[in-house]
Each structure stands twice: as C-alpha cells, then as structure tokens.
Amino acid sequence: MAGEINLLPQREYEVQRKELIQRWFYLASVFLLVLELLAVVGVFGFLGVRSLEIRRLTSEINKTTKTIQDLSAVEGLQATLEKKAAKILSITDKQRRLDKVLEKVAEVMPNGVKLSGINLSDKNDLVTSGEARNSTDLSTFLINLIDEEKGGKYFSEVNVGSLASSSEGKYSFGLNMKIKEEVVK
Amino acid sequence: MKIPGGFKLSASSFGFSTARAGVYRSSLIFAAVFLLGFALALLVIKPRIAESIETNKKVGEKKAQLDKLNQKKDEVSSLDEQEIREMVNKTIKALPSRKDIPGLVASVERLIGLNQLTLSSVQLVPGEISTESGKVVQKEEEGTLKVQLSLSGSFENVKKFLENAVSASRLLSIDSVSIQSQEGNNLNVGMTMSYFYQPVAEVVPPIDQPVAKLTDKEKETLEKVFGYEDYSQPFLQASQSSRTNPFGEL
C-alpha cells in the first residue's frame, strides 16, 4: 500500500493554533488602537479643557483689573497716605525733646552752681559753661552728673573741658558730655 | 484527491495555508497598529504632554494672579474714600507737599508769641545754591527746610517753646540749640530747626502691587500727630488794595 499519511489531526491542531494567534493579534491590535485613540483624545481633551480654563481665567482677570482700575483714585489716595505716614513716622523718630535736657541738667545742679551757656548739638553732644560758688559746689555738681542714680541716667562721657578759679574762690568751668537717647525721646 | 507520490491532499491542507496567511496578516496589522502607536506617542502625544505641562503651569499662574487681584479688589473696595481723603488732608497739614514759607513763618511767629519770647531774627537757610562757576556750595537735605532763629526770654518760656515746637501739628524738629544767659533772668537762644515737606505725586500703584497699608506704628503716630496743637495760621491772601505811591508813608 502506497504511503498514506494521515496528517489531519496535526494539521487541524496547527490551523487551530494559527487561528488563535491570528485572533490574538486582531484583539491585541484593536485593544492597542483603542488605547492609542484614548491617549490621543485624552491628551487633546486635557489640552482643550485647560485652554478653556485659561480663557476663562483671563476674562476674569480682565474684569477684576477693570474693577480695580475704576477704584484707582482711592488706591492712589491710600498710597499717598502711606507715603506721608512713613515720612511722618521718620520725622517723629528724629524729633528730640530738648526741653527735657534742660530739665535734667537743672535736676542735678546744686544751688551753688549756675550755667552761663549751654549748647546742644544734633548729635546729642552737650557743652555747658558756668560758674560755681566754691569747689564743694562744683564737686557736688560733677559727682551728681556721673552718679548712676542721678545724672548717670541721663548723661555719659562727662568731661571737664576747662576749669579756672577766681580770687574770690569762685570756679568757672566748661563741661562736655553726651545726652543719652532715652532722655530726649 | 490523490496527488503524485501517493500522498492524499485533504481539505485541511487548504485551511492550514489560509490560517498561516491569516497569522501573517494579523501580525502585520498588529505591527502597523503598534508602529502607529509608537509614531503617535513620539510625534503627537509627547509634544502635547510638554504643552499640557506648560498649559497647566499657565493655569496655575493665572489662578494665582486672579487670587491676588481678587484680594486687592476686596481690599480696595473696603477702603473708605471719605475717611482716607480726610486723613490725607491732615497729613498734608503736618507735612506739606511743597515748601510753604508763609505757613512756616506764621507758625514760628505764633509759637514764639504764645511762649512770650522775643524774636531777634529768623533766617531761612537757603536750599541749593550754585556759584557762577556752577559749583554747588550748599545743598539742602531733600524735603527739609532749615530755619535759624535768634530769640530771647525766660528759662521757663524757652523750655515751654522747646516742648511746644515738637508737638506742633506742623512737624518740625530742633537740630541744635545754644543758650546764653544774660543779665537778669533773660536767656539768649540761637537754634536751628528743620521744617519738613514731602512732594508726593498722586501715582496709582501698578495693578500687581498690593494696596499700601499703614503699619500699626504709623497709625499710632498719625493719631498722635493729628492731636497736636495747630500753631499755623491760614495762608496769607493776596491784597485787594494797592498803593499809588510805593514810597509813601505807611
């Protein structure tokens, strides 16, 4: 008997396998295509939504800007007020109560001492000149000026610039000192 | 069906080749779809993703800008124009917008008169002066007018003057004082004072700048200054009458 080979089961199996592969490829292609479509639609959709959002926000910004511009007169006034207030604050910070310096000097002066001149500079330097009845009064004045409980609270760097005595026992003096900032505030 | 060689060709042989062709076709389609996906990802999606990130950033920026503007709108809307105008007028009284010499002289004279002092001289320290060579010999501090005063009076009155001067509604500061005693209880006083002014152009701040706000310290200072004594007098008016002889008797 001439060779008769029955290939049918093997072939059918192969055909079935190939049809399965073919179906898998089709399904995978469709799935991939859908994915691609979704990705494209998603990206363009997202972009579109965001562009609309930008347009909406821009319109809102323009509307709000217009409202603010309509109120610009009040805003300008407020800006002027703020500038003036800042300058006024800097001026009041600079202002010094020099009457208090006179008060404090008088406070530490004993009865036997009188001033003939006083100079207050813009750098809180105080130069005084005067005379004392005797050396005790002058010493008391100097001690008062540097005493932490008395003049030391108001003055610092007290220096005797000049000192001279007369035949009557009177003393003429010149003193230099610094006024503490808290005195003139 | 018999074919030479004794082999028998069945119908499934045709099915086999059709199936093989189908596999080729489907794999080609898959490859094409895959390539299409790759091309889309590379040429369309990737650039759009970068664009989306940029757009997203822009949306964020616009939102922040809108929030800021809305906040500013609320702040500006809440401002009381009448109240601010009144405060500005008061600050202009304390700190004029120009060199108000007549007002300055009036307030100095009034301060001196009120404290029973005698004015010997008043001298305005000039502002910027140029010599013929064009060289500036004296330059004034911006917004400050210096005045030199010579006056005399008792110790108590001088002290009161020094106190009143720094609590005048028209702001000034005393830079330096020189006091010399005279015969009796009189004192000779020389002092340099600074009067202040501030030219302020009414400029509307840029839209993206927040509304100018007063600090607590500024509010407190303004309240204090608005309560100061007003020593200035109304501005001098132009005279309605005129003279026929400018050298005639007064």
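Quick notes on the rules
Residues numbered from 1 in each chain as written. Chains lettered and ligands numbered in written order. Predicted model: local features only at pLDDT ≥ 70, side-chain atom pairs only at ≥ 80, totals over all residues. Helix = DSSP H or I, 4+ residues; strand = E, 2+ residues; numbered from the N terminus. Buried ≥ 20, exposed ≤ 12 C-beta atoms within 10 Å, placed from the backbone. Contact = placed C-beta atoms within 7 Å. Rg over C-alpha atoms; globule rule 2.2 N^0.38 Å. Nonpolar A, V, L, I, M, F, W, Y, C, P; charged D, E, K, R; others polar. Pairing = 2+ DSSP bridges. pLDDT = per-residue confidence, 0-100. Axes fitted to C-alpha atoms, helices over the stretch in contact; angles between N-to-C directions. Core = buried A, V, L, I, M, F, W, Y, C linked by C-beta atoms within 7 Å. Parallel < 35°, antiparallel > 145°, perpendicular 65-115°, else oblique. Domains from an automatic or database assignment.

Tell me about the overall build of chain B, residues and numbers included.
A tally of regular secondary structure across chain B gives five helices and eight strands. From first element to last, N terminus to C terminus, chain B shows the α and β order β-β-α-α-α-β-β-β-β-α-β-β-α. Among the 250 residues that make up chain B, the fraction classed as buried is 22%. Sequence-distant contacts, at least 24 apart, represent 70% of the contacts inside chain B between residues at least 6 apart.

So what about the overall build of chain A? Which residues, and what values?
Scanning chain A for helices and strands turns up five helices and four strands. Sequence-ordered secondary structure for chain A, helices as α and strands as β, is α-α-α-β-β-α-β-β-α. The C-alpha atoms of chain A give a radius of gyration of 50 Å, which is well past the 16 Å a tight globule of 185 residues would have. Long-range pairs, those at least 24 residues apart, make up 51% of the contacts in chain A with a sequence separation of at least 6.

Residue-level account of the interface of chain B and chain A, with values.
Facing 81 residues of chain B, the contacting portion of chain A comprises 73 residues. Of all the elements in the fold, those that place two or more residues in the side of chain B that touches chain A are strand S2 (7–8), helix H1 (11–78), helix H2 (81–94), helix H4 (155–165), strand S7 (172–181) and helix H5 (216–226) of chain B. At 37 residues, H1(B) tops the list of elements feeding residues into the side of chain B that touches chain A. Among the residues making up the side of chain B that touches chain A, the classes are represented as 40 nonpolar, 23 polar and 18 charged. In terms of strand pairing, strand S1 (residues 113–120) of chain A meets S7(B) through four bridges, oriented antiparallel. Bridge assignment links Ile118(A) to a residue of S7(B), and that residue is Ile179(B).

Which residues make up the confidence of the model for chain B, and what are the values?
All names here are of chain B. Within chain B, residue pLDDT values average 83, and 81% of them lie at 70 or more. When pLDDT is averaged over each element of chain B, H5 comes out on top at 94 and strand S1 (residues 2–3) at the bottom at 49. Both scores are given for the predicted complex: the pTM is 0.75, the ipTM 0.74.

Got a sec to walk through the packing of helix H3 (residues 98–108) of chain A against H4(B)? Specific residues and values, please.
Here H3(A) crosses H4(B) at 145°, and the two axes come no closer than 7 Å. Note on element contacts: H4(B) touches H3(A) through Lys159(B), Leu162(B) and Glu163(B), opposite Leu98(A), Asp99(A) and Leu102(A).

Can you lay out the nonpolar core for me, pointing to particular residues and giving the numbers?
With 59 residues, the main nonpolar core has Ile88(A), Leu171(B) and Ile174(B) as its most contacted residues. Not counting residues up to four positions away in its chain, the partners in contact with Ile88(A) are Thr91(B), Ala94(B), Leu95(B), Leu171(B), Thr221(B), Leu222(B) and Val225(B).

Just give me the short version of the packing of helix H2 (residues 72–94) of chain A against H5(B), but keep the residues and values in it.
The geometry of H2(A) relative to H5(B) is characterised by a closest axis approach of 9 Å and an angle of 75° between their N-to-C directions. Our classification of the angle between H2(A) and H5(B) gives roughly perpendicular. Here Ala85(A), Ala86(A), Ile88(A), Leu89(A) and Thr92(A) of H2(A) come into contact with H5(B), specifically with Lys217(B), Glu218(B), Thr221(B), Leu222(B) and Val225(B). Residue composition of the contact of H2(A) with H5(B), grouped by class: six nonpolar, two polar and two charged.

Help me get a handle on the pairing of strand S6 (residues 144–154) of chain B, residues and values and all.
Residue and element names in this part refer to chain B. Bridge analysis of strand S3 (residues 118–125) against S6 gives seven bridges, and the strand direction is antiparallel. Bridge pairing in S6 places Thr-118 opposite Ser-152. As judged from the eleven bridges shared by S6 and strand S8 (residues 186–196), these two strands associate in the antiparallel manner. By the bridge assignment, Ser-152 is partnered in S8 with Asn-188.

Give me the environment of Gly130(A): which residues, what numbers.
Residues and elements named next belong to chain A. Examined against the element boundaries, Gly-130 turns out to sit in strand S2 (residues 125–132). Sequence spacing of Gly-130 and Phe-173 is 43 residues, and the spatial spacing of their C-alpha atoms is 5.6 Å. When neighbours within four sequence positions are excluded, Gly-130 is seen to be in contact with Val-113, Lys-114, Leu-115, Ser-116 and Phe-173.

Lay out the domain arrangement of chain A in plain terms, naming residues and giving numbers.
How big an interface is tends to be reported as the loss of accessible area on association of its parts. Taken domain by domain, chain A holds domain 1 (8–95) and domain 2 (98–184). Taking only C-alpha atoms, the centre of domain 1 of chain A and the centre of domain 2 of chain A are 77 Å apart.

I'd love a proper account of unusual backbone geometry, names of residues and values included.
With a phi close to 65°, Asn124(A) is a non-glycine residue in the positive phi region. Along the polypeptide, Asn124(A) turns up in the loop between S1 and S2. Positive phi is not limited to glycine here, since Gln116(B) has a value of about 50°. Positionally, Gln116(B) belongs in the loop between helix H3 (101–114) and S3.

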